[in-house]
Amino acid sequence: MTAVVQRPAVPAGKARSRRTLSKSASVAGQATRTVLLWVASAVLGLAVWSFLAWWYGPTTIASPAAVWTAAVELAQRGVLWTSIWASAQRILIGWSLGVVIGAPIGILMGRVNIVRQLLDPYIEFFRFIPPIAFVTLAVVWFGIGETSKVVLIFYTSVFIVTVSTIAATVAISENKFQAATSLGANKFQLMKTVVLPSAVPGIVTGARLAMGNSFLTIVSAEIVAADHGIGSMIWQARNYGRIDWTFVGIIVLGIMGFIFDRILRIFSTTFLSRYGVK
């Protein structure tokens, strides 16, 4: 006769703990792999950069060591931190105004046909004119203070947010409106429960694109009549022949943009995920 050996049953709690540990190990392994890939990419990029700096010479491409030395010099003099703070303030104020004003305009243009017909020609006209074309006019109209820089950032942000919001609003399925109307919703309730939640992903997408364009505009906005800012620092580097300062400004802009976008993404996915933001 063949004996049948029965294995002792694993308690449900222990099995659940094993699955949790296995999942945690998998997540930790993926995080470690991502960090290692980032480090490898950074090392490779620095190697290529160093080779190009050696090949073309310091008058054309500053080496990583020279850029680091220049960054330390600017930081010790206080120029770097003052420039970062000035540019960050201008970007955040102008970008915030663009989002706050562009999103409602986009929703109105997406839902009210007469508003869209009235404003669409202006939106389509001005959004193709680069902000740098208005630098001189901004200084003449608003002076050499902060207002002219903020207005240029606002200009480059508002149209992107508006167009993205229009696209999200127009794409809302009519079935949602019919279902809400059949339940007795009025126009205000439709706007609150259907239009706004459905437009949130488009608003967030427009806000992220506008943030990128704000960094593209800040240099040209600060070149004219600005004592502080990354753009002003880059322009001064040109006047003094300090190409290493130029590289510092470019790298700082990239790091700032990366941080700002990551903060916006974390905020959106944390607080707006129920609206479909990913």
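As the structure is a prediction and not an experimental result, all values here were calculated from the model.

S.K.: How do you make sense of the overall build of the protein when you look at a structure like this?
M.R.: Counting its secondary structure elements, the protein contains 10 helices and 0 strands. Along the protein, helices and strands appear, N-terminal first, in the series α-α-α-α-α-α-α-α-α-α. Among the 278 residues that make up the protein, the fraction classed as buried is 35%. Sequence-distant contacts, at least 24 apart, represent 73% of the contacts inside the protein between residues at least 6 apart.

S.K.: Which parts of the structure should I look at to understand the environment of L190?
M.R.: Within the fold, L190 resides in helix α8 (residues 187-223). On the basis of relative accessible area, L190 is assigned to the buried category, the value being 14%. Residues L190 and A180, 10 residues apart in the sequence, show an inter-C-alpha distance of 6.9 Å. If we skip the residues at most four places from it in the chain, L190 touches F177, A180, T181, A185 and V195.

S.K.: Help me understand the pattern of salt bridges, please; the structure alone is not making it clear to me.
M.R.: Close approach of charged atoms lets side chains of opposite charge pair. In the structure shown here, the tally under the stated rule is 8 salt bridges. A salt bridge links R242 to D244; the nearest nitrogen and oxygen atoms lie 2.9 Å apart. Under the relative-accessibility criterion, R242 is labelled partly exposed at 25%. Ionic pairing is found between D261 and R262, a salt bridge with its closest N-O pair at 3.5 Å. What makes D261 buried here is its relative accessible area of 16%.

S.K.: Is there a simple way to explain the packing of aromatic side chains in this structure?
M.R.: Centre distance and the angle of the planes are the two values used to describe a pair of aromatic rings. Considering all chains together, one arrives at 11 aromatic pairs under this definition. Among the aromatic residues, those joined into a cluster by ring pairs are F125, F126, F134, Y155 and F159. Across from the ring centre of W235, 4.7 Å away, lies the NZ or CZ of R238, which sits over that ring.

S.K.: Please explain helix α9 (residues 230-240) as it appears in this structure.
M.R.: In an α-helix, one turn spans 3.6 residues, which is why side chains three or four residues apart end up on the same side. Regarding α9, the residues found buried are I230, G231, S232, M233, I234 and A237. Packed against the buried residues of α9 are α2 (64-77), α3 (79-111), α8 and α10 (243-271). Phi turns positive, to about 70 degrees, at G241, one or two residues after α9.

S.K.: Even after reading the chapter, I still don't get the side chain of T156, so can you show me in this structure?
M.R.: With respect to the secondary-structure elements, T156 resides in helix α6 (residues 146-170). Using a relative accessible area of 8% as the deciding quantity, one classes T156 as buried. Engagement of the side chain of T156 in a polar contact is seen with the side chain of T217, the distance being 3.2 Å. Apart from residues lying up to four places away in sequence, T156 is in contact with P131, N213, S214 and T217.

S.K.: I'm lost on the layout of surface pockets in this one. Help?
M.R.: If a probe as big as a water molecule is rolled over the atoms, it shows which places are left empty. Counted as a void, the largest pocket has a volume near 410 Å³. Residue lining of the largest pocket: 17 residues in total, with W68, A71, I251, V252 and I255 positioned closest to the centre. Sort the elements by how many residues they give to the lining of the largest pocket and α10 lands first, with 7 residues. In terms of lining residues, the second largest pocket is bounded by 16 residues, among which F126, F154, Y155, V158 and F159 are the most central. Counting only elements with at least two residues in the lining of the second largest pocket, the list comes to α4 (113-126), α5 (135-142) and α6. A per-element tally of the lining of the second largest pocket places α6 first, with 7 residues. Looking at the lining of the second largest pocket residue by residue, the class counts come to 15 nonpolar, 1 polar and no charged.

About the cut-offs
Residues numbered from 1 in each chain as written. Predicted model: local features only at pLDDT ≥ 70, side-chain atom pairs only at ≥ 80, totals over all residues. Heavy atoms only, no water. Helix = DSSP H or I, 4+ residues; strand = E, 2+ residues; numbered from the N terminus. Buried < 20%, exposed > 50% of the residue type's maximum accessible area, 1.4 Å probe, protein only. Contact = heavy atoms within 4.5 Å. Salt bridge = Lys/Arg side-chain N within 4 Å of Asp/Glu carboxyl O. Phe/Tyr/Trp six-rings, centres within 6.5 Å; stacked < 30°, edge-to-face > 60°. Lys NZ or Arg CZ within 6 Å of the ring centre and 35° of its normal. Polar contact = N/O pair within 3.5 Å; in protein donor to acceptor, adjacent residues only side chain to side chain. 1 Å grid on protein atoms, 1.4 Å probe; cavity = no way out; pocket = protein on both sides within 12 Å on 5 of 7 lines; lining within 4 Å. Points joined across faces, edges and corners; volume = space filled by probe spheres on them. Nonpolar A, V, L, I, M, F, W, Y, C, P; charged D, E, K, R; others polar.

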